[in-house]
Amino acid sequence: MGRLHHIHRSRSASSFARSSEAAAAELDARSIGGVAAEAVECPFGAVDGLARVELREAAYEVFFMSCRAAGGRGGGLNYYPAGGGESGGDGSPTIGAGPRGGTGMSVVTSRVKRALGLKARRSSQPTTLRSSMHASSAPGSPGLMRTVRDQQPGPGSPGRSRRPMTSAEIMRQQMRVTEQSDARLRKTLMRTLVGQVGRKADTIVLPLELLRQLKLTDFADGGEHHQWQRRQLKLLEAGLVLHPSLPLDRLNGPVLRFREIMQAADARAIDTGKASDTLRALGDAVLALAWRSAPGTGPPGEACHWADGYPLNVLLYVSLLQAIFDLKEDTVVLDEVDELLELMTRTWTTLGIDKKLHNVCFAWVLFQQYVTTGQVEPDLAGATLTLLTEVATDAKQENRGPVYARVLSSALGAIHDWSEKRMLDYHDRYRKGMAGAGAGAMESALSLALSTRKIMAENVPGMGINLTDTEPEGSGLGSFAGSRVDYYVRCSMRSAFTKMLEDELGQGNSTIIDCRGDEPSEILARLARDTEQLALSERDNFSPALKRWHPFPAAAAAVTLHGCFGVVLKQYLGKATCLTNELVRVLHAAGRLEKALVQMVVEDVADSDDGGKAVVREVVPYDVESIVVRLLKTWIEERLRVAKESVQRAKDTESWIPKSKNEPYAQSAVDLTKIAKATVDEFFGIPVSARDDLVQDLADAMGTVFQEYISFLASCGNKQSYLPSLPQLTRCNQDSKIIKLWRRAATPCRTTVTSPRGRVYHGHSLSSSGGHNPRPSTSRGTQRLYVRLNTLHYLVSHIQALDKSLSFFSRGRCASPTSSTNRRLAAPSSYFNHARTAAQSAIGRVAEVAAYRLIFLDSHHSFHDGLYVGGVTDARIRPALRTLKQNLSLLVSILVDRAQPVAVREVMKASFQAFLTVLLAGGSDRSFTTEDHAMIEEDFRSLKRAFCTRGEGLVAEEVVESEAQAAEGVVALMGQTAEQLVEEFGIVTCESSGAGSAGQRLPMPTTTRRWSRTDPNTILRVLCHRDDEVASHFLKRAFQLPKRR
């Protein structure tokens, strides 16, 4: 029955143990993950085959053994049997508690917590009870059994209350060791003690003793026993073979025997009976490896080394240090930390730990707990920094072993890498809404990064860190910390800006902006606003904390963001070929951002010693205004190119055929004015202030195009090409009276008159009898000239409208209404003066050419070639006037109202010129007498009336009279006698040439075609056409002019 009861009790205990191990695994996961579920990798490596839980169990075994060996401060291994005296009957020994053992400590009395700046526990519940309850939270937990058992009074003590937990009990619960494992450990030490009182703990190879003492019956089943054996063998392999503290030849005999036994143990459990050869061989191999000595240090057997090799020793010690944190409040260090750390020092001999290694490991454990709990407890970071101060002092000592150097570089490197990784992106890592976020957590990470970096730079060679290389020349920061913080600020700002840009672009790895479409401009405008908000967030949330190390962190952040946005803006502008409203919005947003960032820089560097000259010099202005001006000029050039193409197209294809009667002008002018109007509208639709300074540039560019088109319109020849050539001066051939009578009698009977040269002219009878309603003689070429005139007037009207638009929009931005009024009165149209002047000149030129073409080419048969040919009486001006009136009617019907006055006036002047040409250069077919003067004068009056009446008021009477003065003077000469003409010719010629002496020959006057009665050449021509003996004799005597033939 006793045997069955023992088996049943063992199996029950085993089931409880498995439940406790599951709960412990869950707590491990929570400890690793922390509140924010952020794991930090152990920098000391790992041991093959030993998981975290197994390392913790091994660490507790070493801890328990070391404390039992140090009991009584004598250094010997003394055993206090459980269940007797004042131990409480719970089977837990009192391990070196001293006078404070089991009482618990508060933050007030804890020297360690006070030195590290750690606070007291948040809960008012005692540590022992709360820890016990937490450990018993899992179903079937041995902690629960213990609590219940403690609360039930024993048979001999009906009113007994719970006693405080001892330090050993606290350590067991903190390391989550089951009571069954603890009982097996106590049993092993009890059996090992027999006959070995006073033996030191560092002489005991604990895994070997456990394998010797614990049997299959101590476990629930064979599987658990086999798994436990494999853990002990793995621990021996790690300490003696894989990571020995002394150099080892892996091929020597003990190593080979140990590996053979391990391979066999993988298949089945080792026989641990007293007569077991395998156990005996294992013991010999283990002892031979453990009691080795370093070469040249003495004979073997002086020291035992089985758990002091790196990294096994550090991993075991770190597992012990992790027990100082409360299992329920994992950000709190137990108040009993002083006693627990004191007990842990007793493992130093076995594990090969000293004070320097302890400081490094303790700093790592505090840091690891700070990270895994989500960085919510800044005291843990502060405690880490405090310990790093001691680590820095230790690192300066010269007697540093290779293990310490490896542990130091590994721990500091891991802390530095973690903290620097977060500082390089602290704006995203510590933004609001995240666990452990905020400026406080960022400040802790920064302090860790700076402390570890400085220690490594000064004491850990080979890490690639040099304090003298961290500060840029001329930065004005003046310290290692300041330059490093400046680097972190800039990196974090670049990272935050890159994330914003990627979020805007909707792709994870692209920072390229394509300027096609409207979307990029919207992206950049939003990016500018977000960048400004990012800068404000940096200034308000992080810069105050960074001021501790950096003189102007907000300025550094603003400069960095300014440069980042400048890169994107430059890329966008590099693909922009013209100025659009979308581009203008981007430039406005960039301007506002630059203004805000520069203001932030100025405010932040105001209190610095040098005024922040270095950081201010980094600001490369976006120069938005110059960009706008450049793009505006490019835009103007592009519009100018389009307009010039329109002009060139007109030159190549314009036919001067109007589109309709309602639009009697060239289509090319319509196209050009549309382009000009659209250009002005778009120009003033661009919302930039720099636009007003370029209004004149735009007007000049457009004016250049207008002038080119006007020149094209005016390129229609000249009036000289239509004037008939002047005939040679001759004197009239005097016909006999019989011939004159015959001609006069025959004139009414003939229909044509043939000159002696054979030219045929219409006679009087034809002119008077036929064609009372002749058709207009205006040619197609002349009508096209009329279209040019219409086009010029159409262009002038639109130039004036554009001028008003430019003036209006420009005045709309004047500060003073009075100045606007003055400008309107002084210069109503001031932008296209040259174009308008050119147009007016072209109008006169085209009208003149059209008039001369109409009179001298289109109407030559009725005017120049028909008037007065063969005699004044037979070829009066009436037929020519009828044709002229029809041509004027056609002219008025084609030309727009604004073009008619100028055109009619030019036709009048051409008609007067043609009339004078008939009188003065009519050739040998025309001759006049004084009797003809009255008819010629009457004809000229009729010609003047044609423009006063048929012109319908287009030409004022005073203008007609003014233009007719020269012709009237010539007509008056026609009424003078030959003697009078000769006398007047002599006077005028002498006055003009200066010949005044008697008998001096008169010079031949120059022909100027400026006919007037005071012109010598005009008088001479009157004489040449005078059918008079006196005139003929004078011309022969004075100039030897030949007779007509």
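The written sequence of each chain sets the order in which its residues are numbered from 1. Only residues with pLDDT of at least 70 are given local features in this predicted model, and only at 80 or more are side-chain atom pairs given and counted; all residues enter the totals for whole chains, interfaces and linings. Side-chain figures throughout are based on the complete set of non-hydrogen atoms in the structure, without hydrogens or water.

Digging into the nonpolar core
Note the following rule: To define a nonpolar core, start from buried Ala, Val, Leu, Ile, Met, Phe, Trp, Tyr and Cys residues and group those joined through side-chain atoms within 4.5 Å. For every residue, the accessible area obtained with a 1.4 Å probe (protein chains only) is divided by the maximum for its type, and the residue is called buried under 20%, exposed over 50%, and partly exposed between those limits. Working rule for contacts: check all heavy atoms of both residues, and any pair within 4.5 Å makes them a contact.
Core analysis: the biggest nonpolar cluster contains 295 residues, and Y709 and F915 have the highest contact counts within it. Not counting the four nearest positions on each side in its chain, F915 is found in contact with F863, L867, Y868, I877, I936, D939, F940, L943 and V971.

Observations concerning helix α11 (residues 277-290)
For clarity, the cut-off: Strands here mean DSSP runs of E at least two residues long; helices mean DSSP runs of H or I at least four residues long; both are numbered from the N terminus. To estimate the expected span of a helix, count its residues, drop one, and scale the result by 1.5 Å. The term polar contact refers here to a pair of N or O atoms within 3.5 Å; inside protein, the definition further demands a hydrogen-donor-capable atom paired with an acceptor-capable atom, and it admits residues adjacent in sequence only when both atoms are side-chain atoms.
The end-to-end C-alpha distance of α11, which contains 14 residues, comes to 20 Å, matching closely the 20 Å that a straight helix rising 1.5 Å per residue would cover. Buried residues of α11: L279, L282, G283, A285, V286, L289 and A290, and no others. Buried-residue contacts for α11 involve α8 (206-213), α9 (222-242) and α10 (253-267). For α11, the side-chain oxygen to backbone nitrogen distance between the N-cap and T278 is 3.5 Å, and the N-cap itself is S276.

A closer look at empty space enclosed by the protein
Applicable threshold: A 1.4 Å probe that fits into a set of points on a 1 Å grid over the protein atoms alone but cannot get out defines a cavity; an open set with protein on both sides within 12 Å along at least five of seven lines defines a pocket, and lining residues are those with an atom within 4 Å of a point. Grid points are joined across faces, edges and corners, and a volume is the space filled by probe spheres set on the points. Charged means Asp, Glu, Lys or Arg here, nonpolar means Ala, Val, Leu, Ile, Met, Phe, Trp, Tyr, Cys or Pro, and polar covers whatever is left, Gly included.
Under the defined criterion, the tally for this structure stands at five cavities of 30 Å³ or more. There is about 100 Å³ of room inside the largest cavity. Of all elements in the fold, only α25 (624-653), α26 (667-685) and α27 (695-714) reach the threshold of two or more residues within the lining of the largest cavity. Counting residues per element, the lining of the largest cavity draws most heavily on α27, which supplies five residues. In the lining of the largest cavity, the residues fall into eleven nonpolar, one polar and one charged.

Focus on the environment of A880
Mapped onto the secondary structure, A880 falls in helix α33 (residues 878-894). In sequence terms A880 and S862 are 18 residues apart; their C-alpha atoms lie 4.9 Å from each other. Apart from the residues within four sequence positions on either side, A880 is in contact with S862 and F863.

Description of the confidence of the model for the protein
In plain terms, the rule: Values of pLDDT, the confidence the predictor places in each residue, fall between 0 and 100.
Put simply, the protein has an average pLDDT of 79, and 76% of its residues get 70 or more. Of the regions scoring below 50 in pLDDT, residues 29-37 engages in 21 contacts with residues more than four places distant in sequence or in other chains. Residue range residues 123-159 is modelled with pLDDT below 50. Its contacts to residues more than four positions away, or to other chains, number 56 contacts.

Description of the side chain of T384
Relative to the helices and strands, T384 resides in helix α16 (residues 378-395). Here F367 takes part through its backbone nitrogen, which lies 3.3 Å from a polar atom of the side chain of T384. If we skip the residues at most four places from it in the chain, T384 touches A363, L366, F367 and L448.

Focus on the packing of aromatic side chains
Let me state the cut-off plainly: Any Phe, Tyr or Trp ring, taking Trp's six-membered ring, that has another such ring centre within 6.5 Å forms a pair; planes under 30 degrees apart are called stacked, those over 60 apart edge-to-face, and the others tilted. Two conditions define a charge located above a ring, namely a distance within 6 Å from the ring centre to NZ of Lys or CZ of Arg, and an angle within 35 degrees of the ring normal.
This model, assessed by the stated rule, comprises 24 aromatic pairs. A centroid spacing of 5.1 Å and a plane angle of 45° characterise the contact between F219 and W228, whose relative ring orientation is tilted. For the residue pair F219 and W228, the accessibility class agrees, reading buried in each case. One aromatic cluster is present, built from ring pairs that chain together Y868, F912, F915, F928, F940 and F947. Sitting over the ring of Y404, K356 keeps its end group 5.1 Å from the ring centre.

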